[in-house]
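The chain contents come next:
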Amino acid sequence: MLRSPGYHQQERLSHTHSRKDLAGTGKADHRQEPPAVRGPAFPYFSQRDAKFLFTATKPEQYKRLSNPEFTFAGRSNVGKSSLISAVLRSQSLVKTSKKPGHTSTLNFFGLTSSTYPESAITVVDMPGYGFRSRDDWGQFIMEYLSTRKELKRVFLLVEAKVGELKTTDLSFLELVEHHNVPTQLLLTKTDKLKRTDLNIVSGKVLRAAMDVAPTAVVPEVICCSYKTKVGVDAIQEAILRASGVAI
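Residues numbered from 1 in each chain as written. Predicted model: local features only at pLDDT ≥ 70, side-chain atom pairs only at ≥ 80, totals over all residues. Heavy atoms only, no water.

Another aspect to go through is unusual backbone geometry. The phi dihedral of Asn180 falls on the positive side, at around 55°, and the residue is not glycine. Within the element layout of this structure, Asn180 appears in the loop between helix 6 (167-178) and strand 7 (183-188). Phi at Lys189 takes a positive value of approximately 55°, unusual for a residue other than glycine. With respect to the helices and strands, the residue Lys189 is situated in the loop between strand 7 and helix 7 (195-212). (Helix = DSSP H or I, 4+ residues; strand = E, 2+ residues; numbered from the N terminus.)

This part is about the side chain of Gln184. Inspection of the secondary structure assignment puts Gln184 in strand 7. Among the residues examined, Gln184 registers a relative accessible area of 1% and is labelled buried. Look past the residues within four positions of Gln184 in its chain and what remains in contact with it is Arg153, Val154, Phe155, Leu156, Val218, Glu220, Ile222 and Ala238. (Buried < 20%, exposed > 50% of the residue type's maximum accessible area, 1.4 Å probe, protein only. Contact = heavy atoms within 4.5 Å.)

Attention now goes to the packing of aromatic side chains. Per the stated rule, a full pass over the model turns up nine aromatic pairs. Between Tyr44 and Phe45, the aromatic rings sit 5.6 Å apart at their centres with planes inclined by 65°, giving edge-to-face as the arrangement. Owing to a relative accessible area of 1%, Phe45 belongs among the buried residues under this scheme. With centroids separated by 5.6 Å and ring planes inclined at 20°, the aromatic side chains of Tyr129 and Phe172 adopt a geometry described as stacked. (Phe/Tyr/Trp six-rings, centres within 6.5 Å; stacked < 30°, edge-to-face > 60°.)

For the rest of this paragraph, the subject is helix 8 (residues 232-243). Because an α-helix completes one turn every 3.6 residues, residues spaced three or four positions apart along the sequence face the same direction. Helix length check: helix 8, at 12 residues, gives a terminal C-alpha distance of 17 Å against a target of 16 Å (1.5 Å per residue), a fit within 8%. Judged by how many residues are buried, helix 8 sits mostly within the fold: 11 of 12 residues are covered. Structurally, helix 8 contributes buried residues whose contacts are with helix 2 (42-46), strand 3 (69-74), helix 3 (80-87), strand 6 (151-159), strand 7 and strand 8 (217-223). (Expected span 1.5 Å × (residues − 1).)

So, on to the pairing of strand 7. By the criterion of burial, strand 7 is predominantly enclosed, with six of the six residues buried. By the bridge criterion, six bridges tie strand 6 to strand 7 in an arrangement that is parallel. Bridge assignment links Val158 to a residue of strand 7, and that residue is Leu187. Following the chain from strand 6 across helix 6 to the adjacent parallel strand 7, one finds a crossover that is right-handed. Note: strand 7 against strand 8, four bridges, orientation parallel. Bridge pairing links Leu185 to Val221 in strand 8. What joins strand 7 to strand 8 is helix 7, and the crossover it makes is right-handed. (Pairing = 2+ DSSP bridges. Right-handed = clockwise from strand over helix to strand, strands pointing away.)

In this section: the pattern of salt bridges. Considering all chains together, one arrives at seven salt bridges under this definition. In this structure, the salt-bridge partner of Lys189 is Glu159, at a minimum N-O distance of 3.8 Å. Highlighted residues: Lys189 in the loop between strand 7 and helix 7 and Glu159 in strand 6, separated in sequence by 30 residues. The pair Lys189 / Glu159 is uniform in exposure class, with both members buried. (Salt bridge = Lys/Arg side-chain N within 4 Å of Asp/Glu carboxyl O.)

Written as structure tokens, this is what we have:
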């Protein structure tokens, strides 16, 4: 079972809904901090520049990397590229595929600077999955998810306005549960929902995910928006804590 440091003893992050919060009523105390709030991960990400490393189409291209890896996954058009850009503090680094759900490549990114020339973590952009997710991805993507020891966490994006996990989301959760890959839900585009509706949706998707993947799913949902930057600091903090980087 892949486990990241502090998996069972994670501190509650801002913009998160935990299973404990949602027990019983399905509601949570959701506090959206203003975009200007700088979390404990801010110094790490602000002192480094995001760098595109390479696009991989076969395992031999990424096996040389040994840093902790964090993959962003989700249905096509869920806003994955925009959110990754916000987390990496680079608005032009991550490109959106012209054929969502029909590509079998992995894009790898690092964080470096003149002071920190070697990246301590790697962020991986997975192709969005469509209706035929596993068939569209092919064996390469499936092999990455099932065998990559450096993969510390998958962030699974779910659009808040959709309000539920789709069949392809549930299929993906079955996959990570089978291969014991820690996975955390990111409820995206939350600026489009009222706070009360967001509480309900958060509880609904977390309970559905825990039913399908009780071992793999991290029992906290991070609510976020790439437009307002709400929750971006919580994602950054989750990355550093899971990778063992001191903050």
